[in-house]
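# Breakdown of the fold
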Amino acid sequence: MGTSLTPEFWERFAVLLVLAAGLTCVLAAAFDGLAVRLLSRRAHRAPHRPPTAHRPQRHHHRVPARS
């Protein structure tokens, strides 16, 4: 048994599709704005790490695979 899709279905489908696309764009813009705001706050803060002169020097050596 096949059912035909009525014009009312297509009307509701189109309305819901447009609403979903609009909501997606609004949420994406809101989250992008929030991310930019958080990144700009981090950029204005001073780093909270000690100066590099007091850190021990790291030597990168290759570890032999076989002894």
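Further up the page is the structure itself.
Computed from a prediction, not measured in an experiment: that's the story for all the values here.

### Observations regarding the overall build of the chain
- A count of helical and extended segments in the chain gives one helix and zero strands.
- Within the chain, the proportion of its 67 residues that are buried is 0%.
- Accessible surface computed for the chain: about 7,400 Å², of which carbon and sulfur atoms make up 63%.

### Concerning a nonpolar patch on the surface
- Taken together, the side chains of Leu-5, Phe-9, Trp-10, Phe-13 and Leu-17 define a hydrophobic patch exposed on the protein surface, amounting to about 520 Å² of accessible area.
- Judged by its relative accessible area of 45%, Trp-10 falls in the partly exposed class.

### Concerning helix α1 (residues 7-44)
- Given a rise of 1.5 Å per residue, 38 residues ought to cover 56 Å, and the 56 Å separating the end C-alpha atoms of α1 matches this to within 8%.
- Of all 38 residues in α1, zero are buried, a share of ten percent or less.

### Remarks on a positive patch on the surface
- On the surface, Arg-37, Arg-41, Arg-42 and Arg-45 cluster together into a patch of positive charge.
- With respect to the helices and strands, the residue Arg-37 is situated in helix α1.

### A word on the packing of aromatic side chains
- For the structure shown, the criterion picks out three aromatic pairs.
- Taking 5.1 Å as the distance between ring centres and 75° as the angle between the ring planes, the aromatic pair formed by Phe-9 and Trp-10 counts as edge-to-face.
- What makes Phe-9 partly exposed here is its relative accessible area of 37%.
- Ring centres 5.8 Å apart and planes at 90° place the aromatic pair Trp-10 and Phe-13 in the edge-to-face group. Of this pair, Trp-10 and Phe-13 are both found in helix α1, three residues apart, which corresponds to roughly one turn of the helix.
- The exposure class assigned to Phe-13 is partly exposed, which follows from its relative accessible area of 41%.
- An aromatic cluster is defined as three or more aromatic residues linked by ring pairs; in this entry it consists of Phe-9, Trp-10 and Phe-13.

Thresholds, definitions, all that
- Positions within a chain are numbered from 1, following the residues in the order the chain's sequence is written.
- Note on the predicted model: pLDDT of at least 70 is required for a residue's local features to be given, and 80 or more for side-chain atom pairs to be given and counted; whole-chain, interface and lining totals, by contrast, use all residues.
- For side-chain calculations, the full set of non-hydrogen atoms in the structure is used, while hydrogens and water are omitted.
- Counting from the N terminus, the helices are DSSP H or I runs at least four residues long and the strands are E runs at least two residues long.
- Exposure is judged per residue with a 1.4 Å probe applied to protein chains only, and the accessible area is read against the type maximum: over 50% gives exposed, under 20% gives buried, and values in between give partly exposed.
- The method behind every accessible area is Shrake-Rupley, applied with a 1.4 Å probe, and residues are considered shielded solely by the protein chains displayed.
- Here, patches come from residues exposed beyond 30% relative accessible area and free of salt bridges, joined within 9 Å for like charges and within 5 Å for nonpolar side chains (Val, Leu, Ile, Met, Phe, Trp, Tyr).
- Take a side-chain nitrogen of Lys or Arg and a carboxyl oxygen of Asp or Glu: if they are within 4 Å of each other, that pair is a salt bridge.
- Multiplying 1.5 Å by the helix residue count minus one yields the expected span of that helix.
- Under the counting rule used here, the positive set is Lys and Arg, the negative set is Asp and Glu, and His together with the chain ends is not counted.
- Lysine's charge is taken at NZ, arginine's at CZ, aspartate's at CG and glutamate's at CD.
- Side-chain rings of Phe, Tyr and Trp, where Trp is taken by its six-membered ring, are said to pair if the distance between their centres is within 6.5 Å; with planes under 30 degrees apart they count as stacked, over 60 as edge-to-face, and otherwise as tilted.

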